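Take a look at the letters that make up each chain.
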Amino acid sequence: MAAIESDETCCGKSEACGQTCHNQSKNCDEECISQSKEPCHVGISQPEGQPLFLSKFLEDNRTPEDVLTASRVVLPNVDVVSYSGYITVNPELEHNLFFWLFPAKNAKSEKPPLVLYLNGGPGNSSMIGLFEEVGPLKVGPDGEIAEKSTHWAKDFSLLFVDNPVGVGFSFCKPDTELKTNLAVADSLYEFLIQFLQLYPQFQQNDLYLGGLSYAGKYVPAFAHKIHQEQTTEEEPPRLLVNLKGIFIGGGFCSPEKMLPVFPEFLTAVGMLTERKKEAMVDKIQYSIDKSRHLAKHEEAVTDIVDIVFGNSRRKLGYEEVDNLLITKEYEWHFEHYLNRPEVQHALHVRPTQYTKCADKMPLTMAGDFFSGVVSELELLLENYKVLMFSGQMDLVVSTLMTEHLLSDLSWSGRDDYLQADKVTWKDKHGEVAGYVTKVNSFTRVVIRNAGHRSAIDQPEWTLEMITKFINDEDFSRPTN
């Protein structure tokens with residue numbers, strides 16, 4: 001575990017905190033982190049190559065100030081306050097989830113919402129979300145890191161988690177990776193409780209869980225787990241969690257229901273003939289049945305990956321199938337950056353060969369791959385705010401696939417949703433940003449000219465969307 005040396009010299013932020021540095025008071029630190037300012041006592045000494053296991057701080061009754069000091073991230077040329085480390089969710093199996101926290105930089109309230117963001121895959125690191133989608137940092141072709149002009153960590157605190165163990169910087173004992181969505185939800189719940197104990201200044205903040213693609217399975221299961229633990233009558237929860245809502249982009253929420261619709265969009269945009277469409281539907285259904293009835297899970301998942309991704313590369317001419325309008329792969333440079341020894345030391349991670357995608361994870365979770373989270377979504381729709389958004393040009397999880405899922409959900413607003421008109425959403429310049437349907441606490445958004453990763457293709461509109469959703473603003477009224 002990292003050693004901590006408290007620095008008694010002033011860090012130069014005491015005036016912003018309204019206290020002198022030698023006081024090192026709890027109130028000062030809590031104000032600093034809530035306003036994304038540098039804590040008044042920054043002094044970190046971490047032995048080279050030693051990861052920071054913050055769960056040990058709870059066992060040793062260390063103070064929140066100790067946690068802030070130890071977990072502070074200091075990177076050259078980065079003027080963004082952040083914290084990172086590991087939380088141990090299963091000591092016996094050495095299951096350690098890595099997180100990177102960015103307190104709201106320009107918070108408009110004393111307790112800005114906390115947004116926990118997950119990428120999908122299964123096997124995609126949430127560092128993709130941080131560097132390429134909604135986070136505040138970007139690594140350029142020259143390997144230099146800088147703050148983005150548009151990101152979500154200005155008004156909201158962002159918490160990125162490499163999930164599940166075995167993905168990104170998160171790790172576990174060999175061959176103990178999680179195999180089911182339920183197990184992932186349990187792991188994330190344990191992580192969240194410990195995180196809020198380690199950073200108690202976030203316990204009263206509104207919490208939103210969200211993510212992309214296969215995280216459309218993680219997020220509802222995680223939120224459902226929170227709901228169960230918070231509402232059980234058998235015993236009080238370990239800690240009250242202020243969950244307000246969830247958001248899912250291009251959500252692969254029910255592969256079994258959604259995959260047979262995959263060829264429909266390709267046919268609608270002229271990529272497949274009717275004959276080829278029917279053949280692809282048959283192949284997809286055969287793979288689903290192979291998993292469901294013959295328990296050939298790994299073979300079935302391999303088939304699906306080839307149908308969706310391999311076929312698109314071989315026959316449709318796409319290097320990447322995220323966006324109908326883009327045939328080339330996105331150029332990302334953060335993976336090399338995160339493998340620099342000095343960066344890994346600054347992030348308090350164990351020395352490792354970081355990869356943005358754990359390729360074996362789809363087969364590890366193959367037995368659970370096709371199962372969905374329909375019942376979880378139905379419960380959440382009745383009890384929390386829910387946002388489901390799609391890029392209009394998403395090839396992987398098209399609007400048709402999502403609408404097919406939504407039409408099958410049983411909840412009190414179903415009939416109203418199916419009969420509701422879409423509202424044209426315009427940005428502050430009067431440009432059409434997308435189309436919105438809102439029923440009760442459910443919001444459905446289609447973002448114009450965006451693909452599977454809407455925040456890459458339309459960063460400003462995606463930011464406006466999440467801001468309107470969290471702040472309960474009317475999409476029919478342009479943002480000032």
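Refer to the preceding data block for the structure.
For clarity, every value in this text was computed on a predicted model and none was experimentally measured.

Peer 1: How should the packing of aromatic side chains be read in this particular structure?
Peer 2: How two aromatic rings sit relative to each other is given by the distance of their centres and the angle of their planes. This model, assessed by the stated rule, comprises 34 aromatic pairs. Centroid distance Trp100 to Phe131: 6.0 Å. Interplanar angle 70°. Geometry classified as edge-to-face. In this pair, Trp100 is assigned in strand β2 (residues 95–102) and Phe131 in helix α5 (residues 127–133), connecting sequence segments 31 residues apart. When sorted by exposure, Trp100 lands in the same class as Phe131, which is buried. Between Tyr330 and Trp332 the ring centres are 6.1 Å apart and the planes differ by 5°, which places this aromatic pair in the stacked class. What makes Trp332 partly exposed here is its relative accessible area of 22%. The ring centre of Phe469 lies 5.0 Å from the NZ or CZ of Lys385, which sits over that ring.

Peer 1: I'm lost on the pairing of strand β11 (residues 432–439) in this one. Help?
Peer 2: Remember that side chains alternate between the two faces of the sheet whenever the strand is regular. Of the strand pairs in this sheet, strand β10 (residues 423–426) and β11 are connected by 4 bridges, and their pairing is antiparallel. Residue pairing across strands places Trp425 opposite Gly434, the latter belonging to β11. Joining the antiparallel neighbours β10 and β11 is a turn of 5 residues, in which Gly430 adopts a positive phi near 85°. Summarising the sheet, β11 and strand β12 (residues 442–447) pair through 6 bridges and their orientation is antiparallel. The residue bridging Gly434 from the neighbouring strand is Ile447, located in β12. Counting the residues that bridge the hairpin from β11 to β12 gives 2 residues, and of these Asn440 lies at a positive phi of roughly 55°.

Peer 1: Explain the nonpolar core here, please?
Peer 2: Where a protein is soluble and globular, its nonpolar side chains tend to be buried together. Judged by nonpolar contacts, the single largest core of 95 residues is most densely connected at Phe99, Phe191, Phe195, Tyr199 and Leu209. Of the residues forming this core, the biggest block, 10 residues, is contributed by helix α6 (residues 181–198). Sequence-distant contacts of Phe195, defined by excluding residues within four places in its chain, comprise Ile87, Phe99, Leu101, Leu114, Leu159 and Phe202. Phe171, Leu387, Phe389 and Val436 belong to the second largest nonpolar core, which has 50 residues in total.

Peer 1: Explain the packing of helix α7 (residues 215–231) against helix α15 (residues 374–383) to me, please; I cannot follow it from the model alone.
Peer 2: Any two packed helices are characterised by how steeply their axes cross, that is the angle between the axes, and by the distance between the axes. Two elements in contact, α7 and α15, have axes separated by 9 Å at closest approach and are oriented at 60°. Our classification of the angle between α7 and α15 gives oblique. Here α7 runs over α15; the crossing is left-handed. Together, Pro220, Ala221, Ala223, His224 and His227 of α7 and Glu376, Leu377, Leu379, Leu380 and Asn383 of α15 make up the contact between the two elements. Its residues placed into classes, the contact of α7 with α15 shows 6 nonpolar, 3 polar and 1 charged.

Peer 1: Is there a simple way to explain unusual backbone geometry in this structure?
Peer 2: For the bond from Gly121 to Pro122, the omega torsion is 0°, close enough to zero to count as cis. Among the structural elements, Pro122 can be located in the loop between β3 (114–118) and α5. Here the residue pair Asn163 and Pro164 is connected by a cis peptide bond, since its omega of -5° sits within 30 degrees of zero. Among the secondary structure elements, Pro164 is positioned in the loop between β6 (157–161) and α6. Positive phi is not limited to glycine here, since Asp175 has a value of about 65°. On the secondary structure map, Asp175 appears in the loop between β6 and α6.

What counts and how
Residues numbered from 1 in each chain as written. Predicted model: local features only at pLDDT ≥ 70, side-chain atom pairs only at ≥ 80, totals over all residues. Heavy atoms only, no water. Phe/Tyr/Trp six-rings, centres within 6.5 Å; stacked < 30°, edge-to-face > 60°. Helix = DSSP H or I, 4+ residues; strand = E, 2+ residues; numbered from the N terminus. Buried < 20%, exposed > 50% of the residue type's maximum accessible area, 1.4 Å probe, protein only. Lys NZ or Arg CZ within 6 Å of the ring centre and 35° of its normal. Pairing = 2+ DSSP bridges. Core = buried A, V, L, I, M, F, W, Y, C linked by side-chain atoms within 4.5 Å. Contact = heavy atoms within 4.5 Å. Axes fitted to C-alpha atoms, helices over the stretch in contact; angles between N-to-C directions. Parallel < 35°, antiparallel > 145°, perpendicular 65-115°, else oblique. Left-handed = near helix turned anticlockwise from the far one by under 90°. Nonpolar A, V, L, I, M, F, W, Y, C, P; charged D, E, K, R; others polar.

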